[in-house]
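# Chains, contacts and geometry: an overview
Each chain, written out:
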Amino acid sequence: MVKSLNTIRELTDKGTWYQSGPFYGNVMVGDCAFEFYSETNLQNYIQIPWEEITYVVVDYYFNGKYIPRFEIRTKQNGKFRFSTRNSRATLKAMQAHLPRESFRKAPSIGLLLRRRLKSLFAKH
């Protein structure tokens, strides 16, 4: 059994971790770390201490009314993509432990297309 890094559990919600496929489980936000535990396979879990997180990329639509997923980027282990049933509450709980500057908005599809077209037609 995996031992939790948190001593106080602030929020627990059903969630999905998108790795090579979706893993369904529970997301826990606590006083020491962000944690994900898989429902079916106990070997699939993630424990990310707050000091390890560089920033969180939030993918949101309709001025923040719909938040389908977010991505946590760490200092050493790369990036992890999650979605929860109530992503807004999960991000609010994370804001208590991370500075405001560490939350970033994901680029929209229109912005990505403009960048791509600009790079295609740029003179070399």
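For the structure itself, consult the block above.
Residues numbered from 1 in each chain as written. Predicted model: local features only at pLDDT ≥ 70, side-chain atom pairs only at ≥ 80, totals over all residues. Heavy atoms only, no water.

When helices and strands are counted, the chain shows 2 helices and 8 strands. Counting from the amino terminus, the chain carries its helices and strands in the arrangement β-β-β-β-β-β-β-α-β-α. Each principal axis of the C-alpha atoms in the chain carries an extent, and together these give about 55 × 30 × 30 Å. Here the chain holds 124 residues, and the buried ones make up 39% of them. Expressed as a percentage of contacts within the chain between residues at least 6 apart in sequence, the contacts between residues at least 24 apart total 42%. In the chain, which carries 20 positive and 10 negative side-chain charges, the distance between the mean positions of the two groups comes to 13 Å. (Helix = DSSP H or I, 4+ residues; strand = E, 2+ residues; numbered from the N terminus. Buried < 20%, exposed > 50% of the residue type's maximum accessible area, 1.4 Å probe, protein only. Contact = heavy atoms within 4.5 Å. Lys, Arg positive; Asp, Glu negative; His and termini not counted. Charge placed at Lys NZ, Arg CZ, Asp CG, Glu CD.)

Take the pairing of strand β6 (residues 66-74) next. Where strand β5 (residues 53-61) and β6 come together, 7 bridges link them in antiparallel fashion. Directly across from Ile53, in β6, lies its bridge partner Thr74. If you look at the hairpin formed by β5 and β6, you'll find 4 residues sitting between the two strands, and Phe62 has a positive phi there, around 55°. In terms of strand pairing, β6 meets strand β7 (residues 79-84) through 4 bridges, oriented antiparallel. Pairing of Arg73 across the sheet is with Lys79, part of β7. Hairpin connection of β6 to β7: 4 residues between the antiparallel strands, including Gly78 at a positive phi of 95°. (Pairing = 2+ DSSP bridges.)

Turning to helix α1 (residues 87-95), a few remarks are in order. The set of residues buried in α1 consists of Ser87, Thr90, Leu91, Ala93 and Met94. When α1 is viewed along its axis, its buried side chains cluster within an angular range of 160° and face the same direction. (Arc of directions from axis to C-beta.)

Before going further, it helps to spend a moment on the side chain of Asp59. One can find Asp59 in strand β5. The exposure class assigned to Asp59 is buried, which follows from its relative accessible area of 12%. A distance of 3.4 Å separates the side chain of Asp59 from the side chain of Tyr61, its partner in a polar contact. Of note is the side chain of Asp59, whose polar atom sits 3.1 Å from the side chain of Arg69. Apart from the residues lying within four places of it in its own chain, the contact partners of Asp59 are Tyr66, Ile67, Pro68, Arg69 and Ala106. (Polar contact = N/O pair within 3.5 Å; in protein donor to acceptor, adjacent residues only side chain to side chain.)

Attention now moves to the sheet that holds β5. The strands making up a sheet associate through backbone hydrogen bonding, with each pair oriented either parallel or antiparallel. Taking strand neighbours across the sheet as the criterion, the 8 strands line up as β4-β3-β2-β1-β7-β6-β5-β8 in an open arrangement whose pairing is mixed. At either margin of the open sheet sits one strand with a lone partner, and together these are β4 (45-49) and β8 (103-105). Going across the sheet, the axis of each strand differs from the next one's by a mean of 30°, ignoring polarity. Both strand β3 (residues 33-38) and β4 contribute to a ladder of 5 bridges, which runs antiparallel. Note that in β4 the partner of Phe36 across the bridge is Ile46. Sheet strands touched by α1: β1 (9-18), β2 (22-30), β3, β5, β6, β7 and β8. Its angle to β6, the strand with the most contacts, is close to 35°. (Axes fitted to C-alpha atoms, helices over the stretch in contact; angles between N-to-C directions.)

Turning next to the pattern of salt bridges. For the structure on display, the rule yields 4 salt bridges. Arg81 is paired through a salt bridge with Glu71; the nearest N and O atoms lie 2.8 Å apart. On the criterion of sequence distance, the pair formed by Arg81 in strand β7 and Glu71 in strand β6 is long-range, its members being 10 residues apart. Among the residues examined, Arg81 registers a relative accessible area of 34% and is labelled partly exposed. The class of Glu71 is buried, set by a relative accessible area of 6%. A single salt-bridge network, built from bridges that share partners, covers Glu71, Arg73 and Arg81. (Salt bridge = Lys/Arg side-chain N within 4 Å of Asp/Glu carboxyl O.)

These values are about where atoms sit, not about what they do.
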